[in-house]
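Single-letter residue listing:
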Amino acid sequence: MRGDRILLSGLRVRGRHGVLPHETELGQVFVVDLELVLDLVPAGRSDDLDTTVDYGSLAGRVAEVVGGRPRKLLEALAEDLAQLVLADQRVRQVRVRVTKPEAPLPVDGSAAVEITREREATREGQP
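Novice: Got a minute to help me understand the overall build of the protein chain in this structure?
Specialist: Across its full length, the protein chain holds 4 helices and 4 strands. N-terminal to C-terminal, the α/β element order of the protein chain is β-α-β-α-α-α-β-β. Considered along the principal axes of its C-alpha atoms, the protein chain spans approximately 50 × 35 × 25 Å. Considering the protein chain as a whole, with its 127 residues, one finds that 34% of them fall into the buried category. Each charge sign in the protein chain was given a centre, from 18 positive and 21 negative side chains, and these centres are 3 Å apart.

Novice: I keep staring at the nonpolar core and nothing clicks. Help me out?
Specialist: Note on soluble globular proteins: their nonpolar side chains tend to be buried together. Core analysis: the largest hydrophobic core is formed by 27 residues, its most contacted members being Leu34, Leu36, Leu58, Val62, Leu81, Val96 and Val98. Among the elements of the structure, β1 (5-15), β2 (28-37), α3 (55-67), α4 (74-86), β3 (93-100) and β4 (111-118) are those that each provide at least two residues to this core. At 8 residues, α4 tops the list of elements feeding residues into this core. Setting aside its immediate chain neighbours within four residues, Leu36 contacts Asp4, Arg5, Ile6, Val53, Leu58, Val85, Val91, Gln93 and Val94.

Novice: Got a minute to help me understand the pattern of salt bridges in this structure?
Specialist: One pass over the structure, following the stated rule, counts 9 salt bridges. Close ionic contact of Arg5 with Glu35 constitutes a salt bridge, the shortest N to O distance being 2.3 Å. Taken together, the residues span a long stretch of sequence, with Arg5 in strand β1 and Glu35 in strand β2 at a distance of 30 residues. With relative accessibility at 14%, the residue Glu35 sits in the buried group. Where Asp80 meets Arg69, a salt bridge forms, and the shortest distance between an N and an O atom there is 4.0 Å. Remark: Arg69 occurs in the loop between α3 and α4 and Asp80 occurs in helix α4; sequence separation between them is 11 residues. Salt bridges sharing common partners tie together Arg5, Glu35, Arg95, Arg97 and Glu114.

Novice: Help me understand the sheet that holds β3 in this model?
Specialist: Either a parallel or an antiparallel arrangement is found when strands of a sheet pair, and the pairing is made through backbone hydrogen bonds. Across the sheet, 4 strands lie side by side as β1-β2-β3-β4; this open sheet has antiparallel pairing. Taken across any chain shown, the strands that pair with only one partner, and hence form the sheet edges, are β1 and β4. Strand-to-strand twist in this sheet, taken as the mean axis angle between neighbours without regard to direction, amounts to 15 degrees. Sheet topology places β2 next to β3; 7 bridges connect them, and they run antiparallel. In the sheet register, Val32 faces β3, and the bridge partner there is Val98.

Thresholds applied
- Residues numbered from 1 in each chain as written.
- Predicted model: local features only at pLDDT ≥ 70, side-chain atom pairs only at ≥ 80, totals over all residues.
- Heavy atoms only, no water.
- Helix = DSSP H or I, 4+ residues; strand = E, 2+ residues; numbered from the N terminus.
- Buried < 20%, exposed > 50% of the residue type's maximum accessible area, 1.4 Å probe, protein only.
- Lys, Arg positive; Asp, Glu negative; His and termini not counted.
- Charge placed at Lys NZ, Arg CZ, Asp CG, Glu CD.
- Core = buried A, V, L, I, M, F, W, Y, C linked by side-chain atoms within 4.5 Å.
- Contact = heavy atoms within 4.5 Å.
- Salt bridge = Lys/Arg side-chain N within 4 Å of Asp/Glu carboxyl O.
- Pairing = 2+ DSSP bridges.
- Axes fitted to C-alpha atoms, helices over the stretch in contact; angles between N-to-C directions.

So this is what it looks like as structure tokens:
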């Protein structure tokens, strides 16, 4: 991942994701980390929030996704979050990590997935 970045780390949101019945019934806390790659020159020069991603608003939308429709897999939740971020045309690439601190493991620990997605470049005149 090359370029300017906005980082959101440690977003703790309650959700009902998982394969086991008690995970979707009782829910648990998920931790989301985001790394957005975009050009921050316009914001740095203008000091205008409209020229960048409003990370406060984004954090709220992340909370809505994590607290919303249950997903069986962390991979699916991470993909939903990546698509949410890439809906902002200014974001060229995003790295999403979703951690499940209370994953049902046979030992003490957590589970996480991390994905990187980027906007598909299209040439003029091509779909």
